[in-house]
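A structural walkthrough
Each chain, letter by letter, is given below.
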Amino acid sequence: METASKPGRDVQPKKARLQTKKKKPRRYWEEEATLTAAGASPGPPRNKKRNRELRPQRPKNINIPKKSRIPGKPQCPKKPREQRNLEPQRNLSGAQDPFPGPAPVPEEVARKFRRIDKSKKLPHSKSKTRSRLEVAEAEEEEISIKAARSELLLAEEPGFLEGEDGEDTAKIRQAEIVEAVDIASAAKHFDLNLRQFGPYRLNYSPVGRHLAFGGHRGHVATLDWVTKRLMCEINVMEAVQDIRFLHSEALFAVAQNRWLHIYDNQGIELHCIRRCDRVTRLEFLPFHFLLATASETGFLTYLDVSVGKIVAALNARAGRLDVMTKNPYNAVIHLGHSNGTVSLWSPAMKEPLAKILCHRGGVRAVAVDSTGTYMATSGLDHQLKIFDLRGMFQPLSARTLPLGAGHLAFSQRGLLAAGMSDVVNIWMGQGMASPPSLEQPYLTHRLSGHVHGLHFCPFEDVLGLGHSGGITSMLVPGAAEPNFDGLENNPYRSQKQRQEWEVKALLEKVPAELICLDPRALAEVDVISLEQEKKERIERLGYDPEAKAPFQPKPKQKGHSSTASLVKRKRKVMDKEHRDKVRQSLEQQPQKQEKKAKPLKARPSALDRFVR
């Protein structure tokens, strides 16, 4: 008797139905034709080795397209790498790039940023050292190309004043220049009437945003000359000989009648350095954090402002020192003396690095350009000369001035300014690397008093003039570098950025002992001193610590390091070294014989006995 099935018994539960709907993921080898046994159930084989044997082998060089994971997407065969590189790249729009690859860089532009001379061949050294030199050269080449490309991003370009129809630019007055320029540039020309406290010495901050000036009657002030905002103003109640900003606008040094004083931007006196007395001139070396002072007693003193210690005090033995300037390229101090010579000084040497006879009379002013290539001097003989500092310090050009120049200053782009009584003349060269031409002045300006200080403002076409009537800001088109490095000198930096820059500059401070005439010599190896030091060390110790140690065989496993085997291994190594020495001496013998061989003469001479 058959029993009827209960309704719903054949119906699967919901969970089981979901599991049957899910399909098992298919592997790529399941699509290939595989040999299966008759009657075997479809599915992956249990034995992995058998599966590997049954899997069809395909050649390696054939590109088989893979199945796309996106349904309905057409498959494109993968092209070989050679074909992909040859075809021009396509944009999203499908257009081809007519100029594929990076833009070429002119060789002249890349050579300007290159620091490694490719004309010199690499030295014959070990393979590891040679590979490192090649890698360094390749990196330097890549950096120079990147720097040449980034030069296109410099938006500002330097310009100069040009006259119409052969007009002499020296006859153009400041009032005409102010009317021709924009309002922002016209506001940079101003006069401060401070006749009751003059004459004045002035100095701009390293970023060119702030101005500090001090009068002979004790008036000292600092201000943001762009916005005309006064930062501090004090009266020190004694004569001010010179004034200089330190590494930032937050600190400045004042050479007063008796001692050297350090003030902050609020006018508060921070230090009084009594070891620097009767100072006449000040110069600050920003990369070394050194404040150089020249005094009436004839001493040149270097003060490290980061630690507050005097690094060196050098006696120039030339009397009163009132003419001093620095070389921005190598941080060497130039001193002018009353006997017509200019001496070059470094804190690492007690004697001058060089002495240059420049004039037949005393030296009145000295200035060095920003590249450290040219030096301008003026003397009591009314001569203005320009010297080349790269070679034998020979004069390149000279000009006789009616009154003689009492003050000189170079701009960032090589313009030379000379102050003669109440007249300021500016000469211009042919380019950035050429010396200024002294034939015809570029600009001329007359002041209301005698000139006592000149200083070009960094990154601005402005010349600051300190005279007996006050302060004058003069517009000089093309004087400054139009583009500044925001990481090094940023005129618009905030207080936080300035603090971070100070910390970084202190960590990268250059020691005073590295100041020399040629900074490139620091990257070379002093072979003579190295050999001399090695000989002295051998004499002091009694043996050569770098000599090759005798061979000592290492003990092997038990039963293989007997005394006889150790002696045998030692003898084997010694014989090998002896053979190498003999082979090397045999190879050098023919060369020595060729050097000693003398050409045979046809007939003997009586003078042969005098030949050695």
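Quick caveat, the model's predicted, so the values are computed rather than measured.

One pass over the full model with this rule turns up 7 aromatic pairs. On the basis of an interplanar angle of 70° and a centroid distance of 5.7 Å, the ring pair of Tyr 200 and Phe 213 is categorised as edge-to-face. In this pair, Tyr 200 sits in strand S2 (residues 200–204) while Phe 213 sits in strand S3 (residues 210–215), placing the two residues 13 residues apart along the sequence. The buried category is assigned to Tyr 200, whose relative accessible area is 0%. What makes Phe 213 buried here is its relative accessible area of 4%. Here the aromatic residues Phe 245, Phe 252 and Tyr 263 are joined through ring pairs into a cluster of three or more. Across the ring face of Trp 259, the terminal group of Arg 274 is positioned such that the distance to the ring centre comes to 4.4 Å. Over the ring of Trp 501 we find Arg 493; its NZ or CZ atom is 4.9 Å from the centre of that ring.

Here the UniProt-annotated "repeat: WD" (unreviewed entry) positions come out as residues 356–390. Measuring from the first to the last C-alpha atom of residues 356–390 gives 13 Å, for a span that is 0% helix and 57% strand.

Before going further, it helps to examine the nonpolar core. Core analysis: the largest hydrophobic core is formed by 32 residues, its most contacted members being Leu 211, Phe 213, Val 424, Ile 426, Leu 463 and Val 476. Breaking this core down by element, the ones donating at least two residues are S2, S3, strand S4 (219–224), strand S24 (423–427), strand S26 (451–456), strand S27 (462–467) and strand S28 (470–475). Of all hydrophobic cores here, the second largest spans 29 residues; its members include Leu 285, Leu 290, Ile 356 and Val 368.

To continue, consider the environment of Ser 397. Structurally, the position occupied by Ser 397 is in strand S21 (residues 395–400). The sequence separation of Ser 397 and Leu 438 amounts to 41 residues, and the corresponding C-alpha distance is 7.5 Å. Other than its neighbours up to four places away in sequence, Ser 397 contacts Leu 384, Lys 385, Ile 386 and Leu 438.

Strand order in the open sheet made by the 4 strands is S2-S3-S4-S5, with antiparallel pairing throughout. In the strand order of this sheet, the two ends are held by S2 and strand S5 (229–235), each with one partner. The mean inter-strand angle of the sheet, taken between neighbouring strand axes irrespective of direction, is 15°. Taken together, the 6 bridges between S4 and S5 define a ladder with antiparallel strand orientation.

Next up on the list: the confidence of the model for the protein chain. Residues with a pLDDT of 70 or more make up 80% of the protein chain, whose mean pLDDT is 82. Taken together, the stretch residues 32–45 has pLDDT below 50 and engages in 6 contacts with residues farther than four places along the chain or on a different chain. When the criterion is pLDDT under 50, residues 47–54 qualifies, and its contacts beyond four places in sequence or with other chains add up to 4 contacts.

A regular strand places its side chains so that they alternate between the two faces of the sheet. Here strand S25 (residues 443–446) shows a clear split, with Leu 443 and His 445 buried on one side and none of Thr 444 and Arg 446 buried on the other. Bridge analysis of S24 against S25 gives 4 bridges, and the strand direction is antiparallel. When the sheet's bridge partners are listed, Ile 426 is paired in S25 with Leu 443.

Of all 5 residues in strand S16 (residues 341–345), 5 are buried; the element is thus mostly enclosed. A two-sided burial pattern is seen for S16, the buried positions comprising Thr 341, Ser 343 and Trp 345 on one face and Val 342 and Leu 344 on the other. Across 4 bridges, strand S15 (residues 333–336) lies against S16 in antiparallel orientation. Opposite Leu 335, over in S16, you have Ser 343 as the bridge partner. Linking S15 to S16, which pair antiparallel, is a turn of 4 residues; within it Gly 340 sits at a positive phi near 90°. Note that S16 and strand S17 (residues 354–357) share 4 bridges and pair antiparallel. Counterpart to Val 342 in the pairing with S17 is Ile 356.

Cut-off values and rules
Residues numbered from 1 in each chain as written. Predicted model: local features only at pLDDT ≥ 70, side-chain atom pairs only at ≥ 80, totals over all residues. Heavy atoms only, no water. Phe/Tyr/Trp six-rings, centres within 6.5 Å; stacked < 30°, edge-to-face > 60°. Helix = DSSP H or I, 4+ residues; strand = E, 2+ residues; numbered from the N terminus. Buried < 20%, exposed > 50% of the residue type's maximum accessible area, 1.4 Å probe, protein only. Lys NZ or Arg CZ within 6 Å of the ring centre and 35° of its normal. UniProt positions renumbered as here; feature names shortened; annotations may be inferred. Core = buried A, V, L, I, M, F, W, Y, C linked by side-chain atoms within 4.5 Å. Contact = heavy atoms within 4.5 Å. Pairing = 2+ DSSP bridges. Axes fitted to C-alpha atoms, helices over the stretch in contact; angles between N-to-C directions. pLDDT = per-residue confidence, 0-100.

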